[in-house]
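Listed here are the chains, written in short residue letters.
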Amino acid sequence: MTLPERLPRKLPSIFLSHGSPMLPFTDAPARTFLAGLGQSLPRPDAIVVASAHWETFAPEVSAVDVNTTIHDFRGFPRQLYELHYDAPGAPGVAREVADLLKAADLSCSIDPQRGLDHGAWVPLLLMYPQADIPVLQVSIQTHLGPAHHLRLGRALASLRERNVLVIGSGSFTHDLSSFRGQGVNEPAPDWVNGFADWFDDGLRRNAMDELLAYRRLAPHAVKNHPTDEHLLPLYVALGAAGATPRVTRLHASATHSVLRMDVYAFADIDDVAGATLVADAKGENSTL
């Protein structure tokens, strides 16, 4: 595929919380929101997803003609394994992503076989159910931490000018060890909301130094994120919006009490058209 050279307005980059693989079958506010998000954004020519579920030592990008669906989980109902999201790939865009990362002094290799893990296909199944937009993934490097992923996202920023939607897919909170069979819509406890409120405040203030040091500064940080991987995609999406991003929380809710399902849009602060796109997409609702 060939991307346009430049558009008069840029797409925002998006961080979303993908939740359980069962989200497509779950009656929850986050599912309802994601099911409407794709329609509220201009249609992209391609989608790049940084998912918490593709971890590699150094950056890699997927480049296939047609994506396969990776069911990277066990113990769920049969109906989940029957879901498929066979969206086209975008090998040409993958090569551009690799070149952008290399130009930013980040190594990047191309994986010609990998399909879409559930961090990518679960939300995309809700956002773009026709599976007709080319999709590729870029891997994360959990051992390198937030600053590396902010840098990785900044290397991808120019893609937004060419109608490529950059998505970071993770979870705003992710302490699965605290799941005790809580109901789908059971409210989040204070230690979950306290962390989410701290992070939301830091994003709105563009307090980058604090956000990069979240594990040391945020309340209950290590409890909410025993490991980094589900928050690192947020830094990729944040970086893709440039050095001074305009931050908009599009959605806030919790599923099963301990998983905050917040969704954010990031646009250049001086990009009036981009800010309008975010405003058009905004549908923030809270069940907290």
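Parameters and conventions
- Residues numbered from 1 in each chain as written.
- Predicted model: local features only at pLDDT ≥ 70, side-chain atom pairs only at ≥ 80, totals over all residues.
- Heavy atoms only, no water.
- Helix = DSSP H or I, 4+ residues; strand = E, 2+ residues; numbered from the N terminus.
- Contact = heavy atoms within 4.5 Å.
- Areas by Shrake-Rupley, 256 points an atom, 1.4 Å probe, with all protein chains shown as cover.
- Buried < 20%, exposed > 50% of the residue type's maximum accessible area, 1.4 Å probe, protein only.
- Pairing = 2+ DSSP bridges.
- Axes fitted to C-alpha atoms, helices over the stretch in contact; angles between N-to-C directions.
- Parallel < 35°, antiparallel > 145°, perpendicular 65-115°, else oblique.
- Salt bridge = Lys/Arg side-chain N within 4 Å of Asp/Glu carboxyl O.
- Polar contact = N/O pair within 3.5 Å; in protein donor to acceptor, adjacent residues only side chain to side chain.
- Expected span 1.5 Å × (residues − 1).

Caption draft 1: Highlighting the overall build of the protein. Of the regular secondary structure elements, the protein holds 11 helices and 10 strands. Considering only residue pairs separated by 6 or more positions, the protein has 81% of its internal contacts joining residues 24 or more positions apart. Summed over its atoms, the accessible surface of the protein is roughly 11,300 Å², and 51% of this surface lies on carbon and sulfur atoms.

Caption draft 2: Structural detail: the environment of Ala213. By the secondary structure assignment, Ala213 is in the loop between α7 (208–212) and α8 (214–217). By relative accessible area, Ala213 is classed as buried at 18%. C-alpha of Ala213 to C-alpha of Gly145: the two residues are 68 residues apart in sequence and 9.7 Å apart in space.

Caption draft 3: View of the environment of Leu152. When you line up the elements, Leu152 lands in helix α5 (residues 145–155). With a relative accessible area of 0%, Leu152 lands in the buried category. Residues Leu152 and Ala237, spaced 85 residues apart in sequence, show a C-alpha to C-alpha distance of 9.3 Å. Residues contacting Leu152, with those up to four places away along its chain left out, are Pro59, Leu101, Leu106, Val138, Ser139, Gln141 and Val236.

Caption draft 4: The arrangement of the pairing of strand β5 (residues 135–140) in detail. Burial within β5 is extensive, with 6 of its 6 residues counted as buried. Bridge count between strand β2 (residues 46–55) and β5: 5 bridges; the pairing is parallel. Bridge pairing in β5 links Val48 to Leu136.

Caption draft 5: Spotlight on the packing of helix α1 (residues 29–40) against helix α4 (residues 118–127). The interhelical angle for the contact between α1 and α4, taken along N-to-C directions, is 70°, at an axis separation of 6 Å. The angle between α1 and α4 places the two elements in the roughly perpendicular class. Residue-level contacts link Arg31, Leu34, Ala35, Leu37 and Gly38 of α1 to Pro123, Leu126 and Met127 of α4.

Caption draft 6: The pattern of salt bridges, seen in detail. In this structure the tally under the stated criterion is 14 salt bridges. Here Arg204 makes a salt bridge to Asp200, at a shortest N to O gap of 2.7 Å. Residue Arg204 and its partner Asp200 are located together in helix α6 (residues 190–204), separated by 4 residues, close to a single helical turn. On the basis of relative accessible area, Asp200 is assigned to the buried category, the value being 10%. If you follow the salt bridges from partner to partner, you end up with Lys10, Arg160, Glu161 and Asp268 in one network.

Caption draft 7: Region of interest: the pairing of strand β6 (residues 164–170). A large share of β6 lies buried, amounting to 7 of its 7 residues. Burial along β6 is two-sided: the residues Val164, Val166, Gly168 and Gly170 and Leu165, Ile167 and Ser169 are all buried. Sheet topology note: the strand β1 (residues 13–17)/β6 ladder contains 4 bridges and is parallel. When the sheet's bridge partners are listed, Ile14 is paired in β6 with Ile167. Both β2 and β6 contribute to a ladder of 6 bridges, which runs parallel. Across the sheet, residue Val48 finds its bridge partner in β6, namely Val166.

Caption draft 8: The arrangement of the side chain of Ser139 in detail. With respect to the secondary-structure elements, Ser139 resides in strand β5. Accessibility expressed as a relative area gives 1% for Ser139, which makes it buried. At a separation of 2.6 Å, a polar atom in the side chain of Ser139 contacts the side chain of Thr56. Separated by 2.9 Å, the side chain of Ser139 and the backbone nitrogen of Glu60 make a polar contact. In this view, Ser139 contacts Trp54, Thr56, Ala58, Pro59, Glu60 and Leu152; residues no more than four positions away in its chain are not counted.

Caption draft 9: Quick look at the side chain of Ser257. Here Ser257 lies in the loop between β8 (254–255) and β9 (259–260). One polar contact links the side chain of Ser257 to the main-chain carbonyl oxygen of Pro187, over a distance of 3.0 Å. The contact partners of Ser257, leaving out residues within four places of it in the chain, are Gln182, Gly183, Glu186, Pro187, Ala188, Pro189 and Val192.

Caption draft 10: Just helix α3 (residues 91–103), in detail. Its 13 residues place the ends of α3 18 Å apart at the C-alpha level, agreeing with the 18 Å of an ideal helix rising 1.5 Å per residue. Within α3, burial applies to Gly92, Val93, Ala94, Val97, Ala98 and Leu101. Buried positions along α3 lie against β2, β3 (60–62), β4 (109–111), β5 and α5. In the segment just after α3, Asp105 is the residue with positive phi, at about 65°.

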